[in-house]
Amino acid sequence: MANSSPAPAKWQTDWSKCCLCEKETRKVLKAPATRYSSDQDGYSMISMNIPLFYEINDLPIILDPARLDEGGGIDGTLRRKKAMYHQSFRLLFNNTKLDRAKKWRAQNSNQ
């Protein structure tokens, strides 16, 4: 008999896929290295930067940050779920991209 587990609701994250785009692709999914301190690893970078991109209305992909928080914050949820994502998305949400987006927004709001 086939696995008949219900599909996640549209607003819920399918943790078996990329937690950011939830698309099935041939691209390899990666979990961030956690050998660093928890305030310097990929989960903390993603969990800090996604709300900041959202706040300035400049998310690099279509994403509802609330979908990544199942209680205890985005960081806690990503760690608990052992979330995986495409490496290219991690790069879209890095500190350099955030700094550029903030600078661009500041320059354009003054015009």
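1. Comments concerning the confidence of the model for the protein
Here is step 1: Summarising the model, the protein shows a mean pLDDT of 86, and 85% of its residues fall at 70 or more.
Here is step 2: By mean pLDDT, the top-scoring element of the protein is helix 2 (residues 73-81) (95), and the lowest-scoring one is helix 3 (residues 87-92) (87).

2. Focus: helix 1 (residues 42-55)
In an α-helix, one turn spans 3.6 residues, which is why side chains three or four residues apart end up on the same side.
Here is step 1: Between its first and last C-alpha, helix 1 extends 20 Å over 14 residues, near the 20 Å set by a 1.5 Å rise per residue.
Here is step 2: Among all positions of helix 1, only Gly-42, Tyr-43, Ser-44, Met-45, Ile-46, Ser-47, Asn-49, Ile-50 and Phe-53 are buried.
Here is step 3: Those residues of helix 1 that are buried are in contact with helix 2, strand 2 (85-86), helix 3 and helix 4 (95-109).
Here is step 4: For helix 1, the N-terminal cap is Asp-41; the gap from its side-chain oxygen to the backbone nitrogen of Tyr-43 is 3.2 Å.
Here is step 5: Within two residues after helix 1, Asn-57 carries a phi angle of roughly 60°, on the positive side.

3. With respect to the environment of Lys-82
Here is step 1: Along the chain, Lys-82 falls in the loop between helix 2 and strand 2.
Here is step 2: For the pair formed by Lys-82 and Lys-30, sequence separation is 52 residues and the distance between their alpha carbons is 9.9 Å.

4. Structural notes on the packing of aromatic side chains
Here is step 1: This structure, assessed with the given rule, holds one aromatic pair.
Here is step 2: Taking the centre distance of 5.5 Å and the plane angle of 90° together, the rings of Phe-53 and Phe-93 count as edge-to-face. Taken as a pair, Phe-53 in helix 1 and Phe-93 in the loop between helix 3 and helix 4 lie far apart in primary sequence, 40 residues in all.
Here is step 3: On the basis of relative accessible area, Phe-53 is assigned to the buried category, the value being 2%.

5. Some words on helix 2
Here is step 1: Buried within helix 2 we find Ile-74, Thr-77 and Leu-78. Taken around the axis of helix 2, the buried residues stretch over an arc of 100°, which confines them to a single face.
Here is step 2: Elements in contact with the buried residues of helix 2: helix 1.
Here is step 3: With its phi angle positive at about 50°, Lys-82 sits one or two positions after the end of helix 2.

6. A word on the packing of helix 1 against helix 4
Here is step 1: Closest axis-to-axis distance for the helix 1/helix 4 pair is 10 Å, and the angle between their directions is 15°. If you check the angle between helix 1 and helix 4, you find them roughly parallel. Considering the relative orientation of helix 1 and helix 4, their crossing is left-handed. Mapping the contact onto sequence places Met-45, Asn-49, Leu-52 and Phe-53 in helix 1 and Asn-95, Lys-97, Leu-98 and Ala-101 in helix 4.

Rules used throughout
Residues numbered from 1 in each chain as written. Predicted model: local features only at pLDDT ≥ 70, side-chain atom pairs only at ≥ 80, totals over all residues. Heavy atoms only, no water. pLDDT = per-residue confidence, 0-100. Helix = DSSP H or I, 4+ residues; strand = E, 2+ residues; numbered from the N terminus. Expected span 1.5 Å × (residues − 1). Buried < 20%, exposed > 50% of the residue type's maximum accessible area, 1.4 Å probe, protein only. Contact = heavy atoms within 4.5 Å. Polar contact = N/O pair within 3.5 Å; in protein donor to acceptor, adjacent residues only side chain to side chain. Phe/Tyr/Trp six-rings, centres within 6.5 Å; stacked < 30°, edge-to-face > 60°. Arc of directions from axis to C-beta. Axes fitted to C-alpha atoms, helices over the stretch in contact; angles between N-to-C directions. Parallel < 35°, antiparallel > 145°, perpendicular 65-115°, else oblique. Left-handed = near helix turned anticlockwise from the far one by under 90°.

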